[in-house]
Amino acid sequence: MAQITIENLSFSYPKAKNAAISKVSLKIGQGTFVVLCGKSGCGKSTLLRNIKPAICPFGKKEGQVFWNGEKIEAVDEKLQARKIGFVMQSPEHQLVTDKVWHELAFGMENLGYPQHEIQMRVAEISEYFGITDWYEQKVDLLSGGQKQLLNLAATMVLNPEILILDEPTAQLDPIAAEHFLDTLKKINEDFGITIILSEHRLNYVLPMADQAIIMEQGQVIHQGAVSEVLMKNLDNEFMKLMPYPAQIYYEATKDGKGPMPISVRQGREWMEAGKRAGVVEEASLEETKQSVVSCKNVWFRYEREGRDILRGLTTQINGGEIFAILGGNGTGKTTTLSVLSGLYRPYRGKIQITGNVTYLPQDVQTLFCRDTVEKELEGVPEELVKFMELQEYLKHHPYDLSGGQQQKLGLAKVLATDPDILLLDEPTKGIDGIYKEQLGKILVELKQQGKTIIIVSHDIDFCGEYADRCGLFSRGNIVSAGPVRSFFAGNRFYTTTVNKMAGKVLKGAVKKEDVLCFLTEDNTISSPL
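Q: Lay out the overall build of the protein chain with the relevant residues and their values.
A: Regarding its fold elements, the protein chain presents 20 helices and 21 strands. Computed over the C-alpha atoms, the radius of gyration of the protein chain is 23 Å, within 12% of the 24 Å expected from 2.2 N^0.38 for a compact globule of 529 residues. The dimensions of the protein chain, computed from C-alpha atoms along their principal axes, are 70 × 60 × 50 Å. When each of the 529 residues of the protein chain is scored for burial, the buried share is 56%. Residue pairs in contact within the protein chain that sit at least 24 positions apart in sequence constitute 68% of those at least 6 positions apart. In the structure as shown, the protein chain presents an accessible area of about 23,500 Å², 47% of it carried by carbon and sulfur atoms. If the 59 positive side-chain charges of the protein chain are averaged to one point and the 67 negative ones to another, these points end up 2 Å apart.

Structure follows, in structure tokens:
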């Protein structure tokens, strides 16, 4: 018997023209690792929330969800809380207490567990997740990666049978994201816990999955083993949702026949089976443009007696370029954008900015103050609304949109101000590969119009494809910066998937176009894995 059975499930949000999910039927076996894939707004988050009634959104529901053969609504609420864990996209939205140890104990305290059992379980889970060293820390002092790991640990304290996760790595840096996903796989293997995960970082997570579920316009169009799903859904649009190794293989071989590489390792083995190596030269830089953003020895802290977040930040950003700032959680990247936007003032140093500035914050919900998407978009050109694919959601409340759709709504609002300098904090958070490509083309077009774009992002592949220059942020300052190819080609950890896959064969490659040009000329690689 399946652990989770969904029969003809449909769900509609209030005032919505179309159902968010429609007649979804599927079965998930115990102990499986399932990845839910699809474009932003296809219904993934809505489907996940319908599996756990306590967080199911308000709206009209039809059909049934069964847990171990029993209707999920009939299951005792305390049993649901213990056996079905849920980890949200934003770490801050799930944390409820002040200290790490209290967050771990909170769930068991609310369910009335004896104190001695709470202490034993909290100690055990702290050791398993490696968080004993920050056991006494305040939650608000943790990095994004630490907060999300704490959410996972606090959920695991209750010994769930099922873990549901909705874009849990969206706000994590690449290293923290890989650590988080590795932990999920270990939990799955060690304890047989069923993992149901919605995720856009498929480069790393898809190779560890048992099954993939593909959604499109609120419906499940395929469910099965990852390799099976890939081979049955081959088309240009679908492949843009898949890991870079699969994308490159599909585009290079034209028909995608044969064993398709999914992981970086498989892609590297396929590339290294080729005939000879090549070299990608760094394109000659254009004549130096005038600086429009200049920071010199900038220092900033949030509290008078607090620690310095920015420590002597010194950098220059030229007009008409896309500059990407990369780095770990909690290093000061978002603070930098807040200071550049004028939200905060440094206590030391000098900032010079030429032109008007618009800022898209990481938490786009802070931009929303109206009760419908239509009202939020007042004054936004109609063609921009269409491009962001928001026409069907005009009567929705902004908070009822998916994470990716909220990003589109926020970006539409800031682009409508026609800024000279555009500051974007995690603009690809929660969005699919298809929209990422569209967004990249928008940014390139804006650059060609002479606008300057500064991106803070954990999406290294996106920055590698579309940025002109990148800078690595560490300890309150940009410690290294340079043109995109030389920057990524010299890095081992903070580098693109393409460079990890093709670096030994094609020196200096960081973009997908580098590898495709190489493969489709005289050096076509056709050797199977």
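Structure shown, so let's carry the discussion forward.
Q: Go over the pattern of salt bridges with me, naming the residues and quoting the values.
A: For the structure shown, the criterion picks out 22 salt bridges. Note that Glu-62 and Lys-60 form a salt bridge whose closest N and O atoms lie 3.6 Å from each other. Linking Glu-178 and Lys-500 is a salt bridge whose minimum nitrogen-to-oxygen distance equals 3.7 Å. Here Glu-178 is found in helix H6 (residues 174-191), whereas its partner Lys-500 is found in helix H19 (residues 497-502), with 322 residues between them in sequence. In this structure Glu-178 comes out as partly exposed when scored by relative accessible area, which is 27%. The class of Lys-500 is partly exposed, set by a relative accessible area of 30%.

Q: Please give an account of the packing of aromatic side chains that cites residues and values.
A: Enumeration according to the criterion identifies nine aromatic pairs in this entry. A centroid spacing of 5.1 Å and a plane angle of 65 degrees characterise the contact between Tyr-249 and Trp-270, whose relative ring orientation is edge-to-face. Pair noted here: Tyr-249 is in helix H10 (residues 244-253) and Trp-270 is in helix H11 (residues 264-272), with a separation of 21 residues, a long-range link. The interplanar angle of 85 degrees and the centroid separation of 5.1 Å between the aromatic rings of Phe-487 and Phe-488 together place this pair among those described as edge-to-face.

Q: I'd like a description of the confidence of the model for the protein chain, backed by residues and values.
A: Averaged over the protein chain, the pLDDT score is 87; the fraction of residues at 70 or greater is 94%. Taken element by element, the predicted model of the protein chain shows its lowest mean pLDDT in strand S11 (residues 278-279) (64) and its highest in strand S18 (residues 452-456) (96). In the model, residues 524-529 has pLDDT below 50 throughout and makes 13 contacts with residues more than four positions away in sequence or in other chains.

Q: Outline unusual backbone geometry, listing residues and values.
A: One non-glycine residue, Glu-167, lies in the positive phi region at around 50 degrees. Tracing the backbone shows Glu-167 in the loop between strand S7 (162-166) and H6. Among the residues examined, Glu-167 registers a relative accessible area of 4% and is labelled buried.

Q: How would you summarise the pairing of strand S8 (residues 194-198) if you had to cite specific residues and measurements?
A: The element S8 is largely enclosed, with a buried count of five among its five residues. Here S8 shows no split at all, with Thr-194, Ile-196 and Ser-198 on one side and Ile-195 and Leu-197 on the other all buried. Inspection of the sheet shows strand S3 (residues 33-38) paired to S8 by four bridges, in the parallel sense. Residue Leu-36 lies in a different strand from S8, and its bridge partner there is Ser-198. On the question of chirality, the crossover connecting S7 to the parallel S8 by way of H6 is right-handed.

Q: For the nonpolar core, give the residues involved together with the corresponding values.
A: Counting 75 residues, the largest nonpolar core has Leu-104 and Leu-184 as its most contacted members. What Leu-104 contacts, discounting residues up to four positions off in sequence, is Val-122, Ile-125, Ser-126, Ile-131, Leu-150, Ala-153, Ala-154 and Val-157. Counting 41 residues, the second-largest nonpolar core is a separate cluster that includes Ile-322, Val-385, Val-414 and Leu-446.

Q: Describe the side chain of Ser-10, listing the residues and the values that go with them.
A: Structurally, Ser-10 is set in strand S1 (residues 4-12). Once residues within four sequence positions are removed from consideration, Ser-10 is found in contact with Ile-21, Ser-22, Lys-23, Lys-60, Lys-61 and Glu-62.

Q: Give a detailed account of a nonpolar patch on the surface, specifying residues and quantitative values.
A: A surface patch of nonpolar side chains, about 330 Å² in accessible area, is lined by Tyr-302, Leu-343 and Tyr-344. Of note, Tyr-344 is situated in the loop between helix H12 (333-341) and strand S15 (348-353).

Q: Would you mind going over the packing of helix H3 (residues 100-110) against helix H4 (residues 115-129) in detail, with residue names and values included?
A: Two numbers describe how H3 lies on H4: the axes approach to 10 Å, and their chain directions differ by 135 degrees. Comparing their axes, H4 and H3 come out oblique. Here H3 runs over H4; the crossing is right-handed. Side by side, H3 and H4 meet where Trp-101, Leu-104, Ala-105, Met-108 and Glu-109 of the first sit next to Glu-117, Ile-118, Arg-121, Val-122, Ile-125 and Ser-126 of the second. Residue classes in the contact of H3 with H4 are distributed as seven nonpolar, one polar and three charged.

Q: Can you lay out the packing of H3 against helix H5 (residues 144-156) for me, pointing to particular residues and giving the numbers?
A: Interhelical geometry of H3 versus H5 gives an angle of 35 degrees and a closest axis separation of 7 Å. You can see that H3 and H5 cross each other, and the crossing is right-handed. Note on element contacts: H5 touches H3 through Leu-150, Ala-153 and Ala-154, opposite Val-100, Glu-103 and Leu-104. Split by residue class, the contact of H3 with H5 holds five nonpolar, no polar and one charged.

Q: A description of helix H15 (residues 403-415) should follow, citing residues and the corresponding values.
A: Residue pairs spaced three or four apart in an α-helix point in one direction, given the helix's 3.6 residues per turn. When the terminal C-alpha atoms of H15 are compared, their 18 Å separation across 13 residues agrees well with the 18 Å that a helix rising 1.5 Å per residue should span. Burial within H15 is extensive, with 11 of its 13 residues counted as buried. The complete set of buried residues in H15 reads Gly-404, Gln-405, Gln-406, Gln-407, Lys-408, Leu-409, Gly-410, Leu-411, Ala-412, Val-414 and Leu-415. Contact partners of the buried residues in H15: strand S16 (357-360), helix H13 (373-376), helix H14 (382-387), strand S17 (421-425) and helix H16 (433-448).

Q: I'd like a description of the side chain of Ser-294, backed by residues and values.
A: Mapped onto the fold, Ser-294 is located in strand S12 (residues 291-300). When near neighbours in sequence (up to four residues on either side) are disregarded, Ser-294 contacts Thr-315, Gln-316, Lys-350, Ile-351 and Gln-352.

What counts and how
Residues numbered from 1 in each chain as written. Predicted model: local features only at pLDDT ≥ 70, side-chain atom pairs only at ≥ 80, totals over all residues. Heavy atoms only, no water. Helix = DSSP H or I, 4+ residues; strand = E, 2+ residues; numbered from the N terminus. Rg over C-alpha atoms; globule rule 2.2 N^0.38 Å. Buried < 20%, exposed > 50% of the residue type's maximum accessible area, 1.4 Å probe, protein only. Contact = heavy atoms within 4.5 Å. Areas by Shrake-Rupley, 256 points an atom, 1.4 Å probe, with all protein chains shown as cover. Lys, Arg positive; Asp, Glu negative; His and termini not counted. Charge placed at Lys NZ, Arg CZ, Asp CG, Glu CD. Salt bridge = Lys/Arg side-chain N within 4 Å of Asp/Glu carboxyl O. Phe/Tyr/Trp six-rings, centres within 6.5 Å; stacked < 30°, edge-to-face > 60°. pLDDT = per-residue confidence, 0-100. Pairing = 2+ DSSP bridges. Right-handed = clockwise from strand over helix to strand, strands pointing away. Core = buried A, V, L, I, M, F, W, Y, C linked by side-chain atoms within 4.5 Å. Patch = residues over 30% accessible without salt bridge, like charges linked within 9 Å, V, L, I, M, F, W, Y side chains within 5 Å. Axes fitted to C-alpha atoms, helices over the stretch in contact; angles between N-to-C directions. Parallel < 35°, antiparallel > 145°, perpendicular 65-115°, else oblique. Left-handed = near helix turned anticlockwise from the far one by under 90°. Nonpolar A, V, L, I, M, F, W, Y, C, P; charged D, E, K, R; others polar. Expected span 1.5 Å × (residues − 1).

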